[in-house]
Structures are given as structure tokens and as C-alpha cells.
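Listed below are the residues making up each chain.
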Amino acid sequence: MASNAAVPFWRAAGMTYITYSNICANLVRNCLKEPYKTEALTREKVHFSIATWNDGKAEKPVLRSDTPED
Amino acid sequence: MIRRVASSFLRRPVLALSRTSVRPLSTDLPAAPSADAAFVEAWRKAVPNIEPPKTPLSFMQPRLPTPSSIPTRLTVNFVLPYASELSHKEVDMVIIPATTGQMGVLPGHVSTIAELKPGVLSVHEGNDVTKYFISSGFAFIHANSYADIIAVEAVPVGHIDAALVQKGLVEFTQKLSSASSDLEKAEAQIGVDVYSALNSALSG
């Protein structure tokens, strides 16, 4: 069994499969015709709040609604 | 690997005689029981009035055994993270865009796990062909003629906008030639691959 089998170019560049797969999916979503495109982009939006901690104290959390490209 | 296996045979001749059974493939095993009998019994002794709780195992349908003769149709489960596109659909053939090339899957296909590249999945049922463009994913073909295809994003080919595809192809080809770091090159290459696949899906 070859331990140095040919790795895909993205793995050789340090990218994981999930990152690769998500990039592919984003590119496909951006090529859709109009009603489907907005549907897909709103479906994939993530909403989260980030709070950074400093010296054991939480600073004010920041609410973010990112689209997957960011 | 061959050297390692050969040396293990030489090292343990005594055990090799007693190890006559070969580990069965996962498709040849009998279906796992859907409820743990010992748990149910203990529950009924402790709490006779309430029904025993259902465990995840009881919600799952056991895998159907491999039939002795090849079935006439393939059963396809095509799922996306947000929807189940096809569920236990009986079809004649599916052509999946595997990284090793377009692979046609007929009933009775050998068990395979295939990684999918961006491309077109076509589902053939009689005279109808339904085509989906898949961004990437995996296809698991089981010995009992069940095919599980999972994709991150799949769109019917009719939903793709040709103008955006052309624009993207030009943009990424240009990014590829001007990319500097490995990561940028990889991203540009991914873009070129996906857009060229989209292009051939629209024209093919």
C-alpha cells in the first residue's frame, strides 16, 4: 500500500476536504438563476454571536449574519 | 503491505490454523436487532407500567439482506444536507460523476464507495432522464443494489445561469494565472474545475 499516494491538489495546498467541498458548493450556488439563487443564499446564511474573552471577562458579544463566502 | 502480511503468516503459524473464519463483509451480516432485548427485559422488571423508551436503533430500518439473484432495479437514496431529493426511488440506472470518471451504476453493481467531483448526476428510469449538477459528495453502492448518493449542493441543470458560468470561468482562469500562494492557486484551480464542469453540464 503506497503511503505517498497522489494527494489531490487541494490537500497538497493545505486545504481540508470540507473546505474544498464548501468552496465548490458556494461556487455552484452563485451560478443559479434568480429565484433559486436567493433561496439558496438565504438558506445557507449563518447567524451567530461571538464574544471574545479577555482576562476571564467576556466582552460584549457581536451578532453576525454571514453569508457563506465570508 | 504484502511483505507485512507474509511476515505475519510466518510469525504466527499456530494461530493461523485456528483462524479458519474470514471476517464477513458488512453487507453479508444479518440485520442487527432493532431493540436490545436485555434492556427491554430489565426495564419491564423495574418499571412494568410504562413502555420501554425507544432507542435510536429501533428508529433505523435494518439493512435489507443481499438477495441471491440480481434485482431488476436499483434503489437510489439521493440526499442533500437540507433535503432528501430521492428516497428509496427505484430506477434503472444512475450515472454518477466520480473522481475517476463518469460511472454508470446498474442493479447488481459491485459494492463501491466513490468520491464525486463537480459534475452531472443522471437518473435513468425507463425513458426519463433527470439530471442534477452536483457540487461534490460521495456515492455508496451496496451489494443489495441500493445506492446512497450524498451531495452538498445539487441543482437541476435547468436552474443554472449560463452567463454567470461564463463570467466565472473567465474570472477564475485569470485568477489561476495570477495566483501566488499555494492556497490561492488551489482555490483558483477549484474555481476553474467547477466552472468548466458547469459549462460542460450546460452544453452536454
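Values in this document were obtained by computation on a predicted structure and should not be read as measured data.

Engineer: Could you give an account of the overall build of chain B, with specific residues and numbers?
Structural biologist: Of the regular secondary structure elements, chain B holds 6 helices and 10 strands. The burial tally for chain B puts 32% of its 204 residues in the buried class. Restricting to contacts in chain B with at least 6 residues of sequence separation, those with at least 24 account for 50%. Element-wise, carbon and sulfur atoms account for 61% of the exposed surface of chain B, whose accessible area totals about 12,700 Å².

Engineer: Report on the packing of helix 2 (residues 17-29) of chain A against helix 6 (residues 182-203) of chain B, specifying residues and quantitative values.
Structural biologist: Direction vectors running N to C along helix 2 of chain A and helix 6 of chain B enclose 50°, while the axes themselves pass 10 Å from each other. As judged from the angle between their axes, helix 2 of chain A and helix 6 of chain B are oblique. Judged by the sense of rotation from one axis to the other, the crossing of helix 2 of chain A with helix 6 of chain B is right-handed. When helix 2 of chain A is examined against helix 6 of chain B, the residues A:Tyr20, A:Ile23, A:Cys24, A:Leu27 and A:Val28 are found in contact with a partner set consisting of B:Glu187, B:Ile190, B:Gly191, B:Val194 and B:Tyr195. When grouped by side-chain class, the residues that make up the contact of helix 2 of chain A with helix 6 of chain B number 8 nonpolar, 1 polar and 1 charged.

Engineer: A description of the interface of chain B and chain A should follow, citing residues and the corresponding values.
Structural biologist: Contacts between chain B and chain A engage 30 residues on the former and 23 residues on the latter. In total, about 2,300 Å² of surface goes out of reach between chain B and chain A, with carbon and sulfur atoms giving 71% of it. Viewed at the interface, chain A and chain B are joined by 2 salt bridges. The shortest N-O distance in the salt bridge between B:Glu153 and A:Arg43 comes to 3.5 Å.

Engineer: Describe the confidence of the model for chain A, listing the residues and the values that go with them.
Structural biologist: Looking at chain A, the pLDDT average stands at 84 and 89% of residues meet or exceed 70. At the low end of the mean pLDDT range in chain A sits strand 3 (residues 57-58) of chain A, at 78; at the high end sits helix 2 of chain A, at 92.

Engineer: Any chance you could break down the UniProt feature "domain: ATP synthase F1 complex delta/epsilon subunit N-terminal" (unreviewed entry) in chain B for me, citing the residues and the numbers?
Structural biologist: Within the UniProt annotation, "domain: ATP synthase F1 complex delta/epsilon subunit N-terminal" (unreviewed entry) is assigned to residues 74-145 of chain B. Secondary structure content for residues 74-145 of chain B is 0% helix and 68% strand, while the C-alpha to C-alpha distance between its ends is 5 Å.

Engineer: Please give an account of the environment of B:Gly101 that cites residues and values.
Structural biologist: Residues and elements named next belong to chain B. With respect to the element layout, Gly101 can be found in strand 4 (residues 101-105). For Gly101, a relative accessible area of 18% translates into the label buried. Along the chain, Gly101 and Ser145 lie 44 residues apart, while their C-alpha atoms are 20 Å from each other. The residues contacting Gly101, other than those within four sequence positions of it, are Ile96 and Lys117.

Calculation notes
- Residues numbered from 1 in each chain as written.
- Chains lettered and ligands numbered in written order.
- Predicted model: local features only at pLDDT ≥ 70, side-chain atom pairs only at ≥ 80, totals over all residues.
- Heavy atoms only, no water.
- Helix = DSSP H or I, 4+ residues; strand = E, 2+ residues; numbered from the N terminus.
- Buried < 20%, exposed > 50% of the residue type's maximum accessible area, 1.4 Å probe, protein only.
- Contact = heavy atoms within 4.5 Å.
- Areas by Shrake-Rupley, 256 points an atom, 1.4 Å probe, with all protein chains shown as cover.
- Axes fitted to C-alpha atoms, helices over the stretch in contact; angles between N-to-C directions.
- Parallel < 35°, antiparallel > 145°, perpendicular 65-115°, else oblique.
- Left-handed = near helix turned anticlockwise from the far one by under 90°.
- Nonpolar A, V, L, I, M, F, W, Y, C, P; charged D, E, K, R; others polar.
- Buried area = accessible area lost by both parts, 1.4 Å probe.
- Salt bridge = Lys/Arg side-chain N within 4 Å of Asp/Glu carboxyl O.
- pLDDT = per-residue confidence, 0-100.
- UniProt positions renumbered as here; feature names shortened; annotations may be inferred.

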